[in-house]
Each structure stands twice: as C-alpha cells, then as structure tokens.
Amino acid sequence: MKTLIKNVYVVMPDGTTPLTNIMLDGQNIAAIGDVPDTFRPGKVIDGKNHLAVPGFVNAHTHTSMTLLRSYADDMALMDWLNDMIWPAEAKMNEEDIYWGAMLALVEMVRSGTTTFADMYGPYMNLVAEATLDTGIRGVLSRGIIGVAPDGDKKLQENVELYKEFHGSGDGRLTVMFGPHAPYTCPPEFLQQVAKTAQSLGAGIHIHMHETRTEVEDSLKQYGKRPFAWVAETGLFDCDHVLAAHCVHLDDNDIAIMKKYKINVAHNPGSNMKLASGVCPVPRLLKEGIVMALGTDGASSNNNLDMLEEVNLAAMLHKVNEYDPLAVPAFEALKMGTEYGAKAVGIDKLGRLEAGCKADITLFNMNSPAWFPRNNLVSLLVYAANSGSVDTVICNGKVIMENNEIKTVDEERICYEAQRCAERLLKK
C-alpha cells in the first residue's frame, strides 16, 4: 500500500528539517518532496505540526527484564547480577519471557523505537513471536553463559533460533549469537561460538569491558585485557560484531576494535546508574568506530526510552570532556538512528531518504517544549521528551497512530506483566 505523510517537518540526513511530504510505497520510502499526480496513496497521514524522525534503534537491551524493573536498584553491577537478577531470572518461565517482552515492545513503540537488539535467556522464540506480533524489528540473540553446566545447550538454542526466525516477518527479524561476556564465556567456549556463528554467517552480540573490575580480573586470570584474548578466539572474525558498553578502553583495545570493525552499543543511562564509568564516545567517533545507543535492560536503566539515551549521550560527554562540542545534538540523534542501524547490521535503515526502509517516528510538536521553533533537532534532543511521540511506522506499516497502538492489546499486556512479576518476585 502507498502512504502519504503530508506537510511534515522531516529530519533529513544532513540535519536540515524542511517542511515537505514523505511518500511510502510498501516497505520503503519512495520519495521525499512534492507529491506527483501519479502518486495515489491508499492512506494519508496529516503531518501538520509534526516532526518526522527515523525510527530509533535500541542497539542493546534485554526486553524481558521489564519484569524486574525497580526490583533491584542502587547496587554495584556484580552484586546486582549475582545476588538479585540472576536468581530471579532462573525462575522465569515461558509466560514471563513472553509478557515481559511484550511490555518492553509496547514501551519501545510508545517512545518511538522501531528496531531493537535483544540478548536474553531461554525461550527467545517467544521474544521473536512477540516481535512479530507487535510489528517492529528485532535483532535477537540467545544470551549464552559458557561457564554454565548447560552452556552447549544454550549455544544450540541460539542455532535453533537462527534457523527458525532469521529473516522472518518480511525480513524484520535478524538473529545473532549472544555469548554473554568474556567473564562468563572462557576462551575455548568462545572459539566454539565463533565457529558455529561463522558456519551460519551470523553476527555476534556480546558485552565487553563494562566495568573496571571485569578488566582487572581478566588481567589476573589471562594476563591480558578481554579485547586482546577474545580477538585470539576468532570471535571477532564473525560476520558482524556488536559490542555493548566498551567503557574501559586503552589504545590497544581501540586498535583491536578498529581492526575488526567492531560496532559499539553505548548505554549511558545504564552505565551511569550502575556507576560503571563513561565510554570514551568522542574519541571512538573520531576513530571512525560506529557508535550506537542502547538502553540496556529496564532493570538497570529503568526505562527503554531511546530519546532519553540520545539526550544523555549529548549531555554526558560534554561534562565528562569539559567540552560543549563533544557530542552535538545531531550527532547524538544519529547515534540513536543511523549509526544504530549500522551497528546492528541492517542496510538502508535509520535515514529518511528515498530507497530507505519506511521506519518513521512522528513527534507531535503541539506542546510548550516545542516553542519557539528555532532549531527542531535541538528541540528534539534537548527540550522534548518521548511523550510527544504519537505515530510510529515500521516497514511501511502503521504500528501506532494518534497515540493508539494498532497491533496489540496494551491494557492486557500491562495486566499480564504485572501478574507475572507478582508471582516471579513473590517473597
């Protein structure tokens, strides 16, 4: 079906925001500009006083962790994981995974996200089903903990996930392999993951250098920093590597990242809340490394609001570098859109231009935060919030319009998620 979004301000790839029209043909953007007489849309969306932005790409999250939101806060990462999160996750059943994912997906749609990269535990097939039900894009990986007694089983579950869902949903689903982290996956196991992923042509999604302790422990155990010894396993030779966090880096780490063209998912909100440190984003951008943004899970953020991450990315690095130019507003926005698409390995995504995928978020600018309209990109990044999102389109399909989600029953999802959380976290 052809769709016309008329009289809308559009964030173009060069950062300008002209008042124009967007023409969609099926899953793609057909054109931006004047509407020819030959373009006859089946649906027309009035874009008056709206800003069109590429749908946000959440490059690192754990969707079903929504059930653990506000369950364990104000803790150090390893205490948080070992004492609270992993014991609770061990009790999760199929219902928990599905409804937790559905809650996350509704939250993401409401805040303008059209693509997310997820790494989680068992029943990832249900996260895939939830993604198909909701209508957005998912880049899914089965979180694999190699030191677990059933590490090989987890790896096989990732293989099965790939074979069943990779490319499904009109291409909306991508499957990567998810070795959790160097501190949970020994070298021999990562070699096995690398060979398996390479045999399928699949990418890798892994946590790297999230905390100072992780690096220090690696030096004690292996005599090398994680990036150095993981490179020796062949994991970085895989088709595509997405490394979450990358907070504590030295020159050699960065050289390895450049050599293997490793993409980074920066998680400012989660890193700040867990006091993990500050990723050297300005330097990595200058080095030509693809820098995306992620929310991490809702248990360490505690929301899945990508516009908030865009704002934090712009603000955090200014104060950390004592440089107001460290990450400008438009660069931060591209981290949440165009760079995010590159980081998760999806072509023709994250930009509003002819030939790109029709993944579009419309912000309603009829509220005080959007006045005066001196610079719409600046208003979006520094003044607005995701409450202004009122229409979301993914793959050419309208997922939410006028604040109403069209694909799933939001009220039931909230009810079921609350029910699951009450059973799961019952003391």
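Every chain is numbered independently, its residues counted from 1 as its sequence is written. Selection of residues for local features in this predicted model requires a pLDDT of at least 70, selection of side-chain atom pairs for listing and counting requires 80 or more, and totals for whole chains, interfaces and linings are taken over all residues. Remark: hydrogens and water are excluded; side-chain values derive from all non-hydrogen atoms of the structure.

## Overview of the overall build of the chain
- A count of helices and strands for the chain gives 15 helices and 17 strands.
- Throughout, radius of gyration means the C-alpha value; the globule benchmark is 2.2 Å times the number of residues raised to the power 0.38. Taken over the C-alpha trace, the chain has a radius of gyration of 21 Å; the compact-globule value for 427 residues is 22 Å, and the two agree within 12%.
- Across its three principal axes, the chain shows a C-alpha extent of roughly 65 × 45 × 40 Å.
- Sorting the 427 residues of the chain into buried and exposed places 59% on the buried side.
- Note on contacts: a residue pair is in contact if any heavy atoms of the two residues lie within 4.5 Å. Taking as baseline every contact in the chain between residues at least 6 positions apart, the subset at least 24 positions apart corresponds to 71%. Elements are defined by DSSP. Helices are runs of H or I of four residues or more, strands are runs of E of two residues or more, and each kind is numbered from the N terminus. Accessibility here uses a 1.4 Å probe with only protein chains present; expressed as a share of the type maximum, an area under 20% marks a residue as buried, one over 50% as exposed, and anything in between as partly exposed.

## Points about the pairing of strand β1 (residues 2-10)
- Note: β1 against strand β2 (residues 19-25), six bridges, orientation antiparallel. The residue of β2 that forms the bridge with T3 is L24.
- When DSSP finds at least two bridges between two strands, those strands are taken to pair. For β1 and strand β4 (residues 43-46), the ladder comprises four bridges, and the chain directions are parallel. If you follow I5 over to β4, its bridge partner there is I45.

## A closer look at the side chain of N58
- Considering the arrangement of structural elements, one finds N58 in strand β6 (residues 56-61).
- Accessibility expressed as a relative area gives 0% for N58, which makes it buried.

## Structural notes on the packing of helix α2 (residues 94-110) against helix α3 (residues 124-134)
- Each axis is a line fitted through C-alpha atoms, and for a helix only the stretch in contact is used; angles between axes span 0 to 180 degrees, taken between their N-to-C directions. Where α2 meets α3, the closest approach of the two axes is 9 Å, and the angle between their N-to-C directions is 35°. α3 is crossed by α2, and the crossing has right-handed handedness. Only L126, V127, A130, T131, D133 and T134 of α3 make contact with α2, whose side of the interface consists of E94, I97, Y98, A101, M102, L105 and V109.
- For this classification, the nonpolar set comprises Ala, Val, Leu, Ile, Met, Phe, Trp, Tyr, Cys and Pro, the charged set comprises Asp, Glu, Lys and Arg, and every other residue, Gly included, is treated as polar. The class makeup of the residues in the contact of α2 with α3 is nine nonpolar, two polar and two charged. Should the near helix be turned anticlockwise from the far one by less than a right angle, the crossing is left-handed, and should it be turned clockwise, the crossing is right-handed.

## Overview of the environment of L379
- Tracing the backbone through its elements, the reader meets L379 in helix α14 (residues 376-383).
- The exposure class of L379 is buried, given its relative accessible area of 10%.
- Considered as a pair, L379 and V247 are 132 residues apart in the sequence and their alpha carbons are 28 Å apart.
- With sequence-adjacent residues up to four places away left out, L379 is seen in contact with A369, W370, P372, R373 and A384.

## Structural notes on the packing of aromatic side chains
- Two rings belonging to Phe, Tyr or Trp (six-membered ring only in the last case) form a pair when the distance between their centres is within 6.5 Å. Interplanar angles under 30 degrees mark stacking, angles over 60 mark edge-to-face geometry, and anything in between is tilted. The final tally for this structure, using the stated rule, is six aromatic pairs.
- Relative to Y260, the ring of F236 has its centre 5.8 Å away and its plane inclined at 55°; by these criteria the two rings are tilted. Of the two residues, F236 sits in the loop between α7 (226-232) and β11 (241-245) while Y260 sits in the loop between α8 (251-259) and β12 (263-266), which places them 24 residues apart along the sequence.
- Overall, the relative accessible area of 3% leaves F236 in the buried class.

## Considerations on helix α11 (residues 306-321)
- Given a rise of 1.5 Å per residue, 16 residues ought to cover 22 Å, and the 23 Å separating the end C-alpha atoms of α11 matches this to within 8%.
- With a side-chain oxygen positioned 3.0 Å from the backbone nitrogen of L307, the residue opening α11 is D305.
- Two residues or fewer past α11, Y322 is found with a positive phi of approximately 55°. Multiplying one less than the number of residues by 1.5 Å gives the expected span of a helix. N or O atoms within 3.5 Å of each other form a polar contact, as long as, within protein, one can give a hydrogen and the other can take it, and as long as residues adjacent in sequence are counted only when both atoms are side-chain atoms.

## Concerning α3
- When we look at burial in α3, the residues that qualify are M124, L126, V127, A128, A130, T131 and T134.
- In the core, the buried residues of α3 are packed alongside α2, β7 (113-120), β8 (137-144), α4 (151-165), β9 (173-179) and β16 (397-401).
- Backbone geometry just after α3 places G135 at a positive phi near 105°.

## Some thoughts on the environment of N7
- Positionally, N7 belongs in strand β1.
- Here the alpha-carbon distance between N7 and D46, two residues 39 residues apart in the chain, equals 6.8 Å.
- With sequence-adjacent residues up to four places away left out, N7 is seen in contact with L19, T20, N21, G47 and K48.

## What to know about a negative patch on the surface
- Here the term patch refers to residues with relative accessible area over 30% and no salt bridge, with like charges joined within 9 Å and nonpolar side chains (Val, Leu, Ile, Met, Phe, Trp, Tyr) within 5 Å. Residue-level accessible areas treat just the shown protein chains as cover; the underlying method is Shrake-Rupley with a 1.4 Å probe. The salt bridge definition used is simple: a Lys or Arg side-chain nitrogen within 4 Å of an Asp or Glu carboxyl oxygen. His is not counted, nor are the chain ends, whereas Lys and Arg count as positive and Asp and Glu as negative. Where a charge lies is defined by one atom per residue type: Lys uses NZ, Arg uses CZ, Asp uses CG and Glu uses CD. On the surface, E129, D133, E160 and E164 cluster together to form a negatively charged patch.
- The set of elements that each furnish at least two residues to the negative patch consists of α3 and α4.
- By the secondary structure assignment, E160 is in helix α4.

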